[in-house]
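# An overview of the molecular structure
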Amino acid sequence: MAGKRALLTVGQVAEAVGVPSSTLRYYEREGIFTPSNRNGAGYRLYEPEAVERLQFIRSAQAVGFTLEDIRALLDLDQHDPRSCKTSVQRLLHERLGEVEVKMKELKRVREALRRALDKCRDSTGECPVLIELSTPKKRRR
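Since this is a predicted model, take the numbers as computed values, not measurements. (Residues numbered from 1 in each chain as written. Predicted model: local features only at pLDDT ≥ 70, side-chain atom pairs only at ≥ 80, totals over all residues. Heavy atoms only, no water.)

## Quick notes on the overall build of the protein chain
Keep this limit in mind: Helix and strand definitions follow DSSP, with helices as H or I runs of at least four residues and strands as E runs of at least two, each counted in order from the N terminus. In this description the radius of gyration comes from C-alpha coordinates, and the expected globular size is given by 2.2 Å times residues to the power 0.38.
In terms of helices and strands, the protein chain carries six helices and three strands. Each helix and strand of the protein chain, ordered N terminal to C terminal, gives the series β-α-α-β-β-α-α-α-α. Here the C-alpha radius of gyration of the protein chain, 24 Å, is well above what a compact globule of 141 residues would show, namely 14 Å. Once the C-alpha set of the protein chain is aligned to its principal axes, its extents read approximately 80 × 40 × 25 Å.

Right, here's the structure in full:
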């Protein structure tokens, strides 16, 4: 049939994006990536555009968007720039706030690890880090 496009299998889509096939099945369970059809044996089949959608999902995850965020992004009407821009800005602001909190916590952990390393380097006897970790701390109020 002329003009009919070939559908892709799970393996073909996964390979095109460089993810395991299980990722596609997980995204399907999460409701963000569904096959366009199934063959007679029940195998998932995808339109060629599915590769672009999967690349979008992976790119969005790489910059910190959650699957819930991605679901919202995929549902946005790209033809309504004002609504789209507002929604994307809100999500970016939320994720940025979360990253700022995590960075503060990581800085605190980094400093604690540096202090512990200094104690280890300066120690000539028993391991001060293990002793300190074994000693119960008084709870702050």
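## Observations concerning the pattern of salt bridges
The line we're drawing: The salt bridge definition used is simple: a Lys or Arg side-chain nitrogen within 4 Å of an Asp or Glu carboxyl oxygen. Each residue is assigned to one of three classes by its accessible area relative to the maximum for its type, calculated with a 1.4 Å probe on protein chains only: buried under 20%, partly exposed between the two thresholds, exposed over 50%.
The final tally for this structure, using the stated rule, is eleven salt bridges. One salt bridge connects Glu28 with Arg38, and the closest N-O pair in it is separated by 3.2 Å. With a gap of ten residues between them, Glu28 in helix 2 (residues 21-30) and Arg38 in strand 2 (residues 37-38) connect regions that are remote in the sequence. Since its relative accessible area comes to 39%, Arg38 is described here as partly exposed. The partner of Glu98 in a salt bridge is Arg95, with the nearest N and O atoms 2.6 Å apart. Pair noted here: Glu98 and Arg95 are both in helix 5 (residues 81-122), with a separation of three residues, about one helical turn. Residue Glu98 is classed as partly exposed on the basis of its relative accessible area, which comes to 38%. We classify Arg95 as buried; its relative accessible area is 11%. Linked through salt bridges whose partners overlap, the residues forming this network are Asp69, Arg90, Glu94, Arg95 and Glu98.

## Concerning the side chain of Asp69
Quick note on the threshold: Whether two residues are in contact is decided by their heavy atoms, any of which lying within 4.5 Å being enough.
Relative to the helices and strands, Asp69 is located in helix 4 (residues 67-75). You can call Asp69 buried: its relative accessible area is 3%. Leaving out residues up to four positions away in the same chain, Asp69 has contacts with Leu91 and Arg95.

## Examining the packing of helix 2 against helix 3 (residues 50-62)
Filter applied, for reference: Here an axis means a line fitted to C-alpha atoms, over the contact stretch when the element is a helix, while the angle between two N-to-C directions is reported on a 0 to 180 degree scale. Roughly parallel refers to an angle under 35 degrees, roughly antiparallel to one over 145, roughly perpendicular to one between 65 and 115, and oblique to any angle outside these ranges. Three residue categories are used. Nonpolar comprises Ala, Val, Leu, Ile, Met, Phe, Trp, Tyr, Cys and Pro, charged comprises Asp, Glu, Lys and Arg, and polar comprises the others, including Gly.
The geometry of helix 2 relative to helix 3 is characterised by a closest axis approach of 12 Å and an angle of 85° between their N-to-C directions. Regarding the angle of helix 2 to helix 3, the classification is roughly perpendicular. Judged by residue contacts, Thr23, Leu24 and Tyr27 of helix 2 engage Leu54, Ile57, Arg58 and Gln61 from helix 3. For the contact of helix 2 with helix 3, the per-class residue count stands at four nonpolar, two polar and one charged.

## Overview of the nonpolar core
Here is the rule: Take the buried residues of types Ala, Val, Leu, Ile, Met, Phe, Trp, Tyr and Cys, join any two whose side-chain atoms come within 4.5 Å, and each joined set is a nonpolar core.
Judged by nonpolar contacts, the single largest core of 21 residues is most densely connected at Val13, Leu24, Tyr27, Phe33, Tyr46, Leu54 and Ile70. Elements supplying a minimum of two residues to this core: helix 1 (10-17), helix 2, helix 3, helix 4 and helix 5. In terms of residues, this core owes the most to one element, helix 3, which gives five residues. The residues touching Phe33, leaving out its near neighbours within four places in the chain, are Val13, Leu24, Tyr27, Glu28, Tyr46, Ala50, Arg53, Leu54 and Ile57.

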